[in-house]
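Chain by chain, the residues run as shown.
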Amino acid sequence: MTRSDRSNRLTLVTPIRRLNGWLLVGIGLTLVACAASKPGQSRQLKDTVRIAAGSTHNCAVTTEGHVKCWGANKHGQLGDGTRVGKRVPVDVSGLMTAVKDVTVGERHTCAVTTVGGLKCWGSNHDYQLGDGTRQDHVSPVDVADLRSDVRAAAAGEQHTCILTATGGAKCWGKNQDGQVGDGTTMDRSRPVEVSGLASGSGVRAIAAGWSHTCALMTSGGVRCWGNNQDGQLGDGTTVARNTPTEVVELAAGVTALAAGGRHTCALLENGTVRCWGQNQRGQLGDGTTADRVVPTNVAELTGGVTAISAGGQHTCALLLAGNMKCWGNNGEGQLGAGGLLLKSIATEVARLTAPVVAITAGKAHTCALLSDNAVRCWGDNEHGQLGEDARGSHNHF
C-alpha cells in the first residue's frame, strides 16, 4: 500500500458541543507540517452498537439497525450507490430490513439482517458476494439461498463465510487456497457447505483471514482451512488444506477467534490469548518475529482479555477494565501507542477518552467503540478509513 504523510505528534480532541444530535469536536494543534494526528472520531456516527474494519474501509451498525460505512469505495464497498470514496460515514442504501451485524473484507461488505438473511455489496470479481454472478454491486444484494438461516458472517480478502443457525458453516468466493473448505480449489459463486461442518456439526463461531478460515466448535476446539504458507492453520505444518484441520494444542477451552492477514489468534477461557502463523512484524505477540505453526502465548497478557481482533499484521485485545492492548506492525501508527515502531508484545493503547466496549483491526488501522458511543480510529488514513477529512497516517487519534 502506498503510504501517505505521517505524523509522530499526538493531537488531542476535545468534544465541545452537540448540534442537532451530532458531536462536534475541537481539534488541537500539531507541530509538523503534514496531516494532523487527530482523533478519527466519526462525526456522523450516533448510537453505534457494532463496528467492523476491512482493508481500507469500515462499517458500523446503529441501534436502529442501520449501517453506515466510510473509506475506500472503488468497487462500491460502502454500499451508498456510488464508487466515490467517503471520508465521513454515509448510509448504506437499499437496506430495507434491520441489520444486527456487519463484516468487512478487502473490497466487499456483508450485513446480517435481524431475520437471519445476508446482504452483500462491493467487489464481486471472485464471487465473494455470493449472488451467483461476478458483477460488482454498489448497493446490497441478497446472497443466494440465505434468507433466514444466518447467525453470523465473516468476510475474508476475497471470500465470505457464515455460521448457520443450526451450527453449520458455509463459504463462497475465491477458493484458490481452499479457503472455502469444500474439498476443492474451485471458486464458488454461491454458498456451499464446508466439508465436515454441515448443519448440526457444532460450529459456534467463524473467522476469515485473507485466504484462510477458522471455526470455533462448541467443544471449545478450533478447526482451520485454506492458505497455510505461514502456519496460520495451526496444525503444525505449512501445507494448505481445502478441508478443516484441527489446531493442535487447542482441543478445548477457546471462547473466541480472530483471523488476520496470515495469522490467527484464540481467546481462552482463562482470559489469555494464543496466536499462530505469520510473525514477521510481531503480530503473534510472543516477543519474537518468528513464524509459529502451532499456538504460542501472547506476552504481557496474563488474563482479563474479553475480546480480540486481528488485522493485516497487527492484533488487538480488549480487557475487562475497558482498556486496549495491541501488538505487531506499527508502520502506520495502528497500535495507537505513539511512534511507528513495531511491538512484539502487547502494548497499551494510549489516551482513550472512555472505556472501550468493542474493537476491530483493519489492514493497517484500528477502531474502537467507546462506552460513550463514540467511534475512535487510528493508523493509516490514505482512503479516509479513520472517518475524518485529513489524509495521511495517524499514530493516535
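Scroll up to find the structure.
Residues numbered from 1 in each chain as written. Predicted model: local features only at pLDDT ≥ 70, side-chain atom pairs only at ≥ 80, totals over all residues. Heavy atoms only, no water.

1. Points about the environment of Ala 310
How we decide: Only DSSP runs of H or I reaching four residues or more are called helices, and only runs of E reaching two or more are called strands; each is numbered from the N terminus. Only protein chains enter the calculation, and the probe is 1.4 Å; a residue is then buried if its accessible area is under 20% of its type maximum, exposed if over 50%, and partly exposed in between. The criterion used for residue contact is that any of the two residues' heavy atoms lie within 4.5 Å.
Note that Ala 310 resides in strand E24 (residues 305–310). Take Ala 310: its relative accessible area is 10%, and that puts it in the buried class. Between the C-alpha atoms of Ala 310 and Leu 284, which are 26 residues apart in sequence, the distance is 9.7 Å. If we skip the residues at most four places from it in the chain, Ala 310 touches Ala 258, Ala 259, Gly 260, His 263, Thr 315 and Ala 361.

2. Thoughts on the pairing of strand E30 (residues 375–380)
Under the convention used in this document: Pairing between two strands requires that DSSP report at least two bridges joining them.
With six of its six residues buried, E30 lies for the most part within the structure. Note: strand E29 (residues 365–370) against E30, five bridges, orientation antiparallel. Residue pairing for E30: His 365 is matched across the bridge by Gly 379. Counted between consecutive antiparallel strands, the loop separating E29 from E30 contains four residues, among which Asn 373 sits at a positive phi close to 75°.

3. Remarks on unusual backbone geometry
The backbone of Glu 300 shows a phi angle near 70°, a positive value even though the residue is not glycine. One can find Glu 300 in the loop between strand E23 (292–297) and E24. For Arg 351, which is not glycine, the phi torsion reads 60° and is therefore positive. As for its position among the elements, Arg 351 is in the loop between strand E27 (343–348) and strand E28 (356–361).

4. Structural notes on the sheet that holds E24
To keep things clear, this is the line we draw: Lines fitted to C-alpha atoms define the axes here, with helix axes fitted over just the stretch in contact, and angles between the N-to-C directions of these axes take values from 0 to 180 degrees.
With respect to topology, four strands assemble into an open sheet ordered E24-E25-E26-E27, the strand pairing being antiparallel. Two strands close off the open sheet at either side, each with one partner strand: E24 and E27. Taken over all neighbouring pairs, the strand axes of this sheet differ in orientation by 15° on average, direction set aside. One ladder, built from five bridges, connects strand E25 (residues 314–319) with strand E26 (residues 324–328); its direction is antiparallel. Residue pairing across strands places Thr 315 opposite Trp 327, the latter belonging to E26.

5. Examining the side chain of Thr 347
For the record, the criterion: Within 3.5 Å is the distance limit for a polar contact, defined as a pair of N or O atoms, with the added protein rule that one can donate a hydrogen and the other accept it, and that residues adjacent in sequence qualify only through two side-chain atoms.
Tracing the backbone shows Thr 347 in strand E27. The exposure class of Thr 347 is buried, given its relative accessible area of 19%. Separated by 3.0 Å, the side chain of Thr 347 and the backbone oxygen of Ile 345 make a polar contact.

6. Some points on the state of the cysteines
Quick reminder of the rule: A pair of cysteine sulfur atoms is labelled a disulfide when the two atoms are within 2.5 Å.
On inspection of all chains with the given rule, the structure shows seven disulfides. Each disulfide pairs two cysteine sulfurs, and for Cys 110 the partner residue is Cys 120, the sulfurs being separated by 2.0 Å. Taking the torsion about the sulfur-sulfur bond, which here is approximately 110°, the covalent link between Cys 110 and Cys 120 counts as right-handed. With a gap of 10 residues between them, Cys 110 in strand E9 (residues 108–113) and Cys 120 in strand E10 (residues 118–122) connect regions that are remote in the sequence. A residue is classified by how much of its surface remains accessible, and Cys 110, at 1% relative accessible area, is buried. Its relative accessible area of 0% is what places Cys 120 among the buried residues.

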